[in-house]
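# Breakdown of the fold
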Amino acid sequence: MKGAEKITLGAVITKPGSTVEYETGGWRTLKPVVDAEKCVGCGLCWLYCPDGAIKKGKPIEIDYRYCKGCGICSTECPRKAIRMEMEETK
Amino acid sequence: MKLVLTGNEAAAFGAKLARAQVISAYPITPQTVSVEKLAEFVANGELDAEFVEVESEHSALSVCVGAAAAGARAFTATSSQGLALMSEILYIAAGLRLPIVMANVNRSLSAPISIWCDQQDSISVRDCGWIQLYCENNQEILDSIIQAYKIGESVHLPVMVCYDGYILSHTAEVVDVPDQSSVDEFLPPYQPPYKLDPENPVTMGPVGVPEYYQEFRYALHEAVREAKEKVIEVDRDFERRFGRGYGLIENYRCDDAEVVVITMGSLSGTVKEVIDKRRERGDKVGMIKVRCYRPFPHREILGSLESAEGIAVMEKDISLGATGALYADVTTAIQNSDRRPLVMDFICGLGGRDVKLDHVEETIETIKKCVARRKIETPVKWLGLRKEVL
């Protein structure tokens, strides 16, 4: 829940799929950056990403609205094509 | 139909008459017979319910949470360590506003291990958002379980029906078991406001961020407070149909009483004996039985204390390092009044220690002496404490 919505009985959420409205990218400290030349599009990072924040392709694309910067993609990438960089502070 | 039933059997009959649809429990003394009886009803085809066997009380209540979330009428029963193990889920059931009904057979907590009665178990979870009703006898157990569903489903809160281990759970009394059709008329099927349904998905149990959590707690608190009216309304409706009513409290000969004993559960019956004897000799004494402990009936208790100069709280629990829990609540109730009767706390009956008529006499004599001297020296007294073994 966010904003000034009225609370519901027992905090039940009646609108399905509303999690997409909650962008968790702001939690990130480290940011995964893809080296397009190294990426072979094997999809392992897509499989491992706990937030479904990776779009398959060659190279893969990361959805920074939801990526929390956990770094699992970087660890799992067999080509070492994903580098974790310090997120720029605003 | 009149049957001779133990308290545990009365609880099982109550859940059966309420047509509980999902029952999940883990056996623990002295609760065991209540769920054994329910398992028998299900196995015999007398009750159409899912009986879910589990490996712990934590799971038993979790099953009930899932069942109630899916829109079913759920029942569980436990005691002591079992209730303590359910603790985490108790708060969740209340926060999710699921009207589960539980029978808690009051038993003391370890250590040392004790299977005998006191009310420390349910008193220790008084803040979890469940309505708590304490029963005096086996008839009240059966009636309260049926009422509990109607109360809980109207205000979207879980209800704990508490009764004293052994003293009630294993003692047989004549119990009037109402017929199914009258109970069905009193208690129609549960209509949940939301339920887990793949056709109409909802999310239950999301995160409550700091901007919202406090409001959820306030809403829950208000719901428990306001449930008082529903407890009264449901009880009156029940009394009209079945001829038995219990109220939030029972005011027993308190009008004009100078000394009032306040207690809960089966001890009320013992205290009434003493009150009657003393009344025969013209002694102005009375008793308040607190049946609904949460929400706490502050106003109603105060209303029965209009002539009281001394109040003796007798309770089978202790908030270690402070006072008994009921004493703390009673003094809060009095705090809001102009009158300031003297209040003393009598801790008794812990771990199955018998509370006898003599203990009640001693209690009344003690508070009377304080009233005469207008002074209380020790606000908390332990009745029948065997100092020689300390």
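Provided above is the structure to which this section pertains.
All of the points below concern the structure found in this document. (Residues numbered from 1 in each chain as written. Chains lettered and ligands numbered in written order. Predicted model: local features only at pLDDT ≥ 70, side-chain atom pairs only at ≥ 80, totals over all residues.)

### Remarks on the overall build of chain B
Secondary structure summary: chain B contains 12 helices and 15 strands in total. For chain B, the spread of C-alpha atoms along the principal axes amounts to about 70 × 55 × 45 Å. Relative to its full complement of 390 residues, chain B shows a buried share of 51%. Taking the contacts inside chain B whose residues are at least 6 apart along the sequence as the reference set, 80% of them involve residues at least 24 apart. (Helix = DSSP H or I, 4+ residues; strand = E, 2+ residues; numbered from the N terminus. Buried ≥ 20, exposed ≤ 12 C-beta atoms within 10 Å, placed from the backbone. Contact = placed C-beta atoms within 7 Å.)

### Quick word on the overall build of chain A
Of the regular secondary structure elements, chain A holds two helices and four strands. In chain A, the succession of α and β elements from N to C terminus is β-α-β-β-α-β. Considering only C-alpha atoms, chain A reaches an extent of 50 × 30 × 15 Å along its principal axes. For chain A, with 90 residues in total, the buried portion stands at 17%.

### Thoughts on the pairing of strand β11 (residues 285–290) of chain B
Residues and elements named next belong to chain B. Counting buried positions along β11 gives six out of six residues, so the element sits mostly inside the fold. Where strand β10 (residues 259–263) lies against β11, five bridges are found, and the strand directions are parallel. What sits directly across from T263, in β11, is K289. (Pairing = 2+ DSSP bridges.)

### What to know about the interface of chain B and chain A
Each partner contributes to the interface: chain B provides 17 residues, whereas chain A provides nine residues. Considering every element that reaches the side of chain B that touches chain A, the biggest residue donor is helix α8 (residues 210–242) of chain B, with four residues. Here the residues of the side of chain B that touches chain A are counted per class, giving 11 nonpolar, four polar and two charged. (Nonpolar A, V, L, I, M, F, W, Y, C, P; charged D, E, K, R; others polar.)

### What about the pairing of strand β4 (residues 74–78) of chain B?
Residues and elements named next belong to chain B. The buried fraction of β4 is high, at five of five residues. Alternating positions in β4 separate into two faces, A74, T76 and T78 on one and F75 and A77 on the other, with burial throughout. Across two bridges, the pairing between strand β2 (residues 22–25) and β4 is parallel. In the strand pairing of β4, V22 is matched with A74. Where β4 and strand β5 (residues 101–106) come together, four bridges link them in parallel fashion. Across the sheet, the residue bridging to T78 is N104, located in β5.

### Structural notes on helix α6 (residues 138–155) of chain B
All names here are of chain B. In a regular helix each residue adds 1.5 Å, so 18 residues correspond to 26 Å; α6 covers 25 Å between its end C-alpha atoms and thus fits that length. By the criterion of burial, α6 is predominantly enclosed, with 16 of the 18 residues buried. Directly after α6, the chain includes H156, whose backbone phi takes a positive value near 55°. (Expected span 1.5 Å × (residues − 1).)

### As for the sheet that holds strand β15 (residues 380–382) of chain B
All names here are of chain B. With mixed pairing, six strands are arranged side by side in an open sheet as β9-β11-β10-β13-β14-β15. The sheet terminates laterally at β9 (249–252) and β15, the two strands that pair on one side only. Here the strands of the sheet are splayed against their neighbours by 20° on average, with no regard to which way each runs. Helix-sheet contacts for helix α11 (residues 325–335) involve β10, β11, β13 (310–315) and β14 (342–347), and the interaxial angle to β13 is about 150°. Across the sheet, helix α12 (residues 357–373) lies against β10, β11, β13, β14 and β15, angled at about 150° from β13, the strand it touches most. (Axes fitted to C-alpha atoms, helices over the stretch in contact; angles between N-to-C directions.)

### What to know about the packing of helix α1 (residues 7–17) of chain B against helix α2 (residues 32–43) of chain B
Residues and elements named next belong to chain B. Between α1 and α2, whose axes approach to 8 Å, the crossing angle comes to 40°. If you check the angle between α1 and α2, you find them oblique. The two elements α1 and α2 cross, and the hand of that crossing is right-handed. Each of N8, E9, A11, A12, A15 and K16 in α1 lies in contact with α2, whose residues at this interface are V33, S34, K37, L38 and F41. (Parallel < 35°, antiparallel > 145°, perpendicular 65-115°, else oblique. Left-handed = near helix turned anticlockwise from the far one by under 90°.)

### Here's the deal with the sheet that holds strand β12 (residues 292–294) of chain B
Residues and elements named next belong to chain B. Spatial ordering of the open sheet is given by β3-β2-β4-β5-β7-β6-β12, a layout of seven strands whose pairing is mixed. At either end of the open sheet lies a strand with only one pairing partner, and these are β3 (50–53) and β12. Averaged over neighbouring strand pairs, the angle between their axes works out to 20° when direction is ignored. Both strand β6 (residues 131–134) and β12 contribute to a ladder of two bridges, which runs antiparallel. Note that in β12 the partner of Q132 across the bridge is R294.

### Some points on α11(B)
Among the residues making up α11(B), those that are buried are B:A325, B:L326, B:Y327, B:D329, B:V330 and B:A333. Buried-residue contacts for α11(B) involve α5 (120–123), β10, β11, α10 (298–303), β13 and β14 of chain B.

### A look at the environment of A:D35
Residues and elements named next belong to chain A. Inspection of the secondary structure assignment puts D35 in the loop between β1 (30–34) and α1 (44–48). Given 13 C-beta atoms within 10 Å, D35 falls into the partly exposed group. Considered as a pair, D35 and T8 are 27 residues apart in the sequence and their alpha carbons are 46 Å apart. Excluding its chain neighbours within four sequence positions, the residues that come into contact with D35 are A81 and R83.

### Considerations on the environment of B:D354
Within the secondary structure, B:D354 sits in the loop between β14 and α12. Sequence separation of B:D354 and B:I167 is 187 residues, and the distance between their C-alpha atoms is 9.7 Å.

Geometric values such as these leave the question of function open.
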